[in-house]
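Observations on the model geometry
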Amino acid sequence: MLQLREPAVLTAATMAEGRFGRRHLDDARIRWLLFFAALYPVVALWSLTNPMFGSPDENLHMVRAQAFARLDFRDPVATDGLPVESAECFAFMSEVPASCQDLSWGPEGTSRVTNMGGYPPLFHAVAAVPAIVTSGLKGAYLMRLWLGAVCVALVAWAGAIVTRPRSSRWELTGLLLAVTPMTLFTMATVNPSGMASAGAILMVAACLSLVARPRRHLPTILALTTGVATLALSRRDGVIWLAVLAVTLAPIAPWRPAREQLRQMSARRLIVGLMTAVAAVVVAVLALWRPALETWYLWQLDSAEGEVRLAAAKKLGEMRSRRAIPRLVEMLKQETLAKRSSATQPV
């Protein structure tokens, strides 16, 4: 008698089970490799075909990455002659093809101002690795490919977690829904949003794994820590997105197993853990305080008026001492004086 079977869900595990066998698919390394092999060609192809500097502020992120490779952390910084303005011919103009772009590199050592000093250091430190050994247009594409590999490695780590034996199919579904075209686009370019997205995906996957298997901690805690650090230290607003995800995941967090683990820990381990947590918080505050403050002043500069706007410009000039903005401050002074004079003139 013919029996109807439940429709099979096509997953990384089911696709490769016939070749590797279930025993091998229980190995997280095999699952990671399958996800990486499936996703990285897409990201690499997009890295090579997307117009250079086609991602938001990609040119300035490349400049700062090159500066990190030279251990130069303050503007103005030396570059390999990167044509920073070459994308202006088609930026924000959908009817203009990218073929208008002139990708001729300038002389080595050309100085540039990035205004990227407010970003946490992690993304640009990782992006700087190819700039240590190569430069020019080849170095720019290699930087894209390298960052794409790093981001895909984090997503593949999340994939290995959500496809563990006896895992729910909803976890894999959520992972696939999170890898949107925009996520792939930012991963394929020199943009901190790609690394932040990959960190967020890994963080959520690790949290879900802790909920399902709370007693198998160490590998998953390592993944969770990596995801949290990547999300928080890639973008200026990384801490805000981390807080949003933490609030979202709080209702399903494994609080009871965590309390049991704390009770079983020795006093020495508990003290070491608390000291490590405090040190991590202090480092995060020191690393993110300046970016957050600069972001606040930039927001005031864009949205405020009069004295508040002028004060924000002065504060930014003080914080960016080597790249102060005297022309902007002078312009805002003239603007404020003009408004005052028009307000005092009799009607």
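Here the structure is a predicted model, which means the values were calculated and not measured.

1. Here's the deal with the confidence of the model for the protein chain
Mean pLDDT over the protein chain: 76, with 65% of residues reaching 70 or higher. Contacts of residues 1–25 to residues separated by more than four positions or lying in other chains number 19 contacts, the stretch itself having pLDDT below 50. In this model residues 321–325 is a low-confidence stretch, pLDDT under 50, and it forms 14 contacts with partners more than four residues away in sequence or in other chains.

2. Description of the state of the cysteines
Inspection of the entire model under this criterion finds one disulfide. Note on cysteine connectivity: Cys89 is disulfide-linked to Cys100, with sulfurs 2.1 Å apart. The sign of the S-S torsion, about 80°, decides the handedness of the disulfide formed by Cys89 and Cys100: right-handed. With Cys89 in the loop between β1 (77–78) and β2 (111–112) and Cys100 in the loop between β1 and β2, the pair connects residues that are 11 residues apart, well separated along the chain. Note on Cys89: relative accessible area 27%, which makes it partly exposed. Residue Cys100 is classed as partly exposed on the basis of its relative accessible area, which comes to 35%.

3. Here's the deal with the side chain of Asn59
Structurally, Asn59 can be placed in helix α4 (residues 58–69). The buried category is assigned to Asn59, whose relative accessible area is 14%. When near neighbours in sequence (up to four residues on either side) are disregarded, Asn59 contacts Phe53, Leu82 and Val84.

4. Considering the pattern of salt bridges
This structure, assessed with the given rule, holds five salt bridges. With its nearest N and O atoms 2.7 Å apart, the salt bridge here joins Arg70 to Glu108. Here Glu108 lies in the loop between β1 and β2 and Arg70 lies in the loop between α4 and β1, a separation of 38 residues in the sequence. With relative accessibility at 37%, the residue Arg70 sits in the partly exposed group. The exposure class of Glu108 is exposed, given its relative accessible area of 56%. We note a salt bridge from Arg164 to Glu171, for which the minimum N-O separation is 3.0 Å. For the pair Arg164 and Glu171, one class covers both residues: buried.

5. Focus: the nonpolar core
Counting 46 residues, the largest nonpolar core has Met62, Met143, Leu147, Val155 and Leu175 as its most contacted members. Sorting the residues of this core by element identifies α3 (28–49), α4, α5 (121–127), α7 (136–162), α8 (169–178), α9 (181–187) and α10 (192–212) as the ones contributing at least two each. Here this core gets 12 residues from one element, more than from any other, and that element is α7. Ignoring anything within four residues of it in the chain, the contact list for Met62 reads Met52, Phe53, Leu82, Ala140, Met143, Arg144 and Val190. Residues Ala196, Ala200, Leu231 and Leu242 belong to the second largest nonpolar core, which totals eight residues.

6. A closer look at helix α12 (residues 238–249)
Here α12 is 12 residues long and its end C-alpha atoms lie 16 Å apart, about the 16 Å a rise of 1.5 Å per residue gives. Within α12, the full set of buried residues consists of Gly238, Leu242 and Leu249. Down the axis of α12, the buried set is contained in an arc of 35°. They therefore lie on one face. Opposite the packed face of α12, turned more than 90 degrees from it, sit the exposed residues Ile240, Val247 and Thr248. Tucked into the core, α12 has its buried residues touching α10 and α11 (218–232).

Reading the values: rules and limits
- Residues numbered from 1 in each chain as written.
- Predicted model: local features only at pLDDT ≥ 70, side-chain atom pairs only at ≥ 80, totals over all residues.
- Heavy atoms only, no water.
- pLDDT = per-residue confidence, 0-100.
- Contact = heavy atoms within 4.5 Å.
- Disulfide = S-S within 2.5 Å.
- Helix = DSSP H or I, 4+ residues; strand = E, 2+ residues; numbered from the N terminus.
- Buried < 20%, exposed > 50% of the residue type's maximum accessible area, 1.4 Å probe, protein only.
- Salt bridge = Lys/Arg side-chain N within 4 Å of Asp/Glu carboxyl O.
- Core = buried A, V, L, I, M, F, W, Y, C linked by side-chain atoms within 4.5 Å.
- Expected span 1.5 Å × (residues − 1).
- Arc of directions from axis to C-beta.

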